[in-house]
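Summary of structural features
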Amino acid sequence: MRLFARSLESSRPTGLTRALLKVADVYVLLRYPQLPCPPRSVMYEGVPSRWVYRRNGLAYLDHLTRMAGLTPNSRLLDVGSGLGRKAWPFIDYFQDGEYVGLEPRREAVDWCTQNLTSRDKRLRFEHIDVKNGYYTPGNSAEAGGFSLPAPDMSFDIVMANSVFTHMLPRDVGHYLAEFQRVLMPGGIAFCTFFLNPEEVKEKEELIAPPRYDFPHQRDGYRVQHADCDEHVVNYEETDVHSMHRQAGLFIAEIHWGSWRGGSTFTDFQDIVISRKRGSPQFHD
Ligand SMILES: C[S@@+](CC[C@H](N)C(=O)[O-])C[C@H]1O[C@@H](n2cnc3c(N)ncnc32)[C@H](O)[C@@H]1O
């Protein structure tokens, strides 16, 4: 079932997968008619599909609960919230907690506000006028100097899913420092990357070719597409460890993704869980 799900969510679907996805989308439409879901024509992240939108949201709700200790009382900041794929499962979820999504694409913020905030006021979305070479080249602010619109120590969890896979090292380092600033002591950063592991698992069984091979070497990172570095970016695990350390975050766990084609994985991208030193109960 996981393999089947993985092939349906592949960002490079074959003709057969596309046909199966159409069937899966009709199933989701009939079975979950209340699911808020953007029209396929405006979905710009991964494969445009109702089935993927639903499954991706549920998978990350589970990851956040297990890996970041998310509860209905958590304050959660989602940086690069897109079209709310990770946000919709939080409708009617929070008690004392809340969700804030920050996103540089205005039409995505508008869709989320109209379709998610309208159903639950504890989910809020804010436009940030920050530049990204792939998603928002016309925006104003450089990511490397951008202050997130959030007070110091105001969130328990900050997440950036499929965002650092589109950002360059200086900008990622700056964002991690911002995450450290807005997190409570002991708070968790939940970020995804495409990483090259420090220790290659030589005996790991490959069940598929890697989704990306990152043929272009740059200074401190690799990219898939020569014409736009921020389209898809790849980092060395050691560099990501140092970026976190310099920002005052300490990596607790890495959950490897399926993108390399290995047989053991948690999700498509590599999930990096880090912690800000200190805890709400025991300050150090
Ligand atoms: C692949 S989408 C992922 C969206 C969402 N996190 C998800 O998992 O469905 C990447 C998102 O990151 C946003 N983004 C790119 N650069 C950003 C930046 N510097 N700060 C915040 N968001 C950014 C893009 O506009 C886009 O919506």
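Here's a quick rundown of the structure. (Residues numbered from 1 in each chain as written. Predicted model: local features only at pLDDT ≥ 70, side-chain atom pairs only at ≥ 80, totals over all residues. Heavy atoms only, no water.)

1. Focus on helix α3 (residues 50-68)
The first and last C-alpha atoms of α3 sit 26 Å apart over 19 residues, in line with the 27 Å expected at 1.5 Å per residue. Burial within α3 is extensive, with 14 of its 19 residues counted as buried. At the N-terminal end of α3, a side-chain oxygen is found 3.1 Å from the backbone nitrogen of tryptophan 51, two or three residues along, and the residue is serine 49. Positive phi appears at glycine 69, one or two residues downstream of α3, with a value of about 70°. (Helix = DSSP H or I, 4+ residues; strand = E, 2+ residues; numbered from the N terminus. Expected span 1.5 Å × (residues − 1). Buried < 20%, exposed > 50% of the residue type's maximum accessible area, 1.4 Å probe, protein only. Polar contact = N/O pair within 3.5 Å; in protein donor to acceptor, adjacent residues only side chain to side chain.)

2. What about the sheet that holds strand β5 (residues 183-193)?
Taken in spatial order, the seven strands make up an open sheet running β3-β2-β1-β4-β5-β11-β10, and their pairing is mixed. On the outer flanks of this sheet lie β3 (123-127) and β10 (249-255), each paired with one strand and no other. Taken over all neighbouring pairs, the strand axes of this sheet differ in orientation by 20° on average, direction set aside. Where β10 and strand β11 (residues 270-276) come together, six bridges link them in antiparallel fashion. If you follow isoleucine 251 over to β11, its bridge partner there is serine 274. Packing of helix α6 (residues 237-247) onto the sheet brings it into contact with β5, β10 and β11, and relative to β10 it is tilted by some 145°. (Pairing = 2+ DSSP bridges. Axes fitted to C-alpha atoms, helices over the stretch in contact; angles between N-to-C directions. Contact = heavy atoms within 4.5 Å.)

3. Looking at the pattern of salt bridges
For the structure shown, the criterion picks out 11 salt bridges. Across the salt bridge formed by aspartate 25 and arginine 40, the nearest N and O atoms sit 3.2 Å from each other. Remark: arginine 40 occurs in the loop between α2 (15-31) and α3 and aspartate 25 occurs in helix α2; sequence separation between them is 15 residues. Here glutamate 142 ties to lysine 131 by a salt bridge, and the two come within 3.1 Å at their closest N and O atoms. In this pair, glutamate 142 sits in the loop between β3 and β4 (155-160) while lysine 131 sits in the loop between β3 and β4, placing the two residues 11 residues apart along the sequence. Of the residues examined, lysine 131 reaches a relative accessible area of 30% and is grouped as partly exposed. Each of the salt bridges in this network shares a partner with another, and the network as a whole consists of Asp152, Glu178 and Arg181. (Salt bridge = Lys/Arg side-chain N within 4 Å of Asp/Glu carboxyl O.)

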